[in-house]
Amino acid sequence: TDAVNPRKNLDALLRVFARVVHVHPDARLVLKQYRMNVSFGQNPNIISVAESVTDGQMAALHAGALGYVAPHR
């Protein structure tokens, strides 16, 4: 995650998500990438969206989510 803007604190988000998925194995983390696509390997619990999404698609993501995180330092 070194390629990600350090102000976004993605490392902390991934550490917290690892604890969440340990307790709730069906949990998913959807990361909307901006400017740079970062690979998270073969982790089926992390969904990386690098392409542009419409306002409707973003609204659908928000509507289907149990939580929203804006990682900042």
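Residues numbered from 1 in each chain as written. Predicted model: local features only at pLDDT ≥ 70, side-chain atom pairs only at ≥ 80, totals over all residues. Heavy atoms only, no water.

Draft legend 1. Quick look at the overall build of the protein. A tally of helices and strands in the protein yields two helices and two strands. For the protein, the α and β elements follow one another from N to C terminus as α-β-β-α. In the protein, which comprises 73 residues, the share counted as buried stands at 22%. Residue pairs in contact within the protein that sit at least 24 positions apart in sequence constitute 34% of those at least 6 positions apart. Taken as a whole, the protein presents about 5800 Å² of accessible surface, with 55% of it coming from carbon and sulfur. (Helix = DSSP H or I, 4+ residues; strand = E, 2+ residues; numbered from the N terminus. Buried < 20%, exposed > 50% of the residue type's maximum accessible area, 1.4 Å probe, protein only. Contact = heavy atoms within 4.5 Å. Areas by Shrake-Rupley, 256 points an atom, 1.4 Å probe, with all protein chains shown as cover.)

Draft legend 2. Fine view of the nonpolar core. Counting residues in hydrophobic clusters, the biggest one holds ten residues: Leu-10, Leu-13, Leu-14, Phe-17, Ala-27, Leu-29, Leu-31, Val-38, Phe-40 and Ile-46. Of all the elements in the fold, those that place two or more residues in this core are helix 1 (10-23) and strand 1 (29-32). A per-element tally of this core places helix 1 first, with four residues. (Core = buried A, V, L, I, M, F, W, Y, C linked by side-chain atoms within 4.5 Å.)

Draft legend 3. Quick look at the side chain of Asn-45. Mapped onto the secondary structure, Asn-45 falls in the loop between strand 1 and strand 2 (46-49). Each residue touching Asn-45, except ones within four places of it in the same chain, is listed here: Phe-17, Val-21, Pro-25, Ala-27, Arg-28 and Leu-29.

Draft legend 4. Broad picture of the confidence of the model for the protein. Summing up the model confidence of the protein, the mean pLDDT is 84 and the portion of residues at 70 or higher is 86%. At the low end of the mean pLDDT range in the protein sits strand 1, at 87; at the high end sits helix 2 (residues 55-64), at 92. (pLDDT = per-residue confidence, 0-100.)

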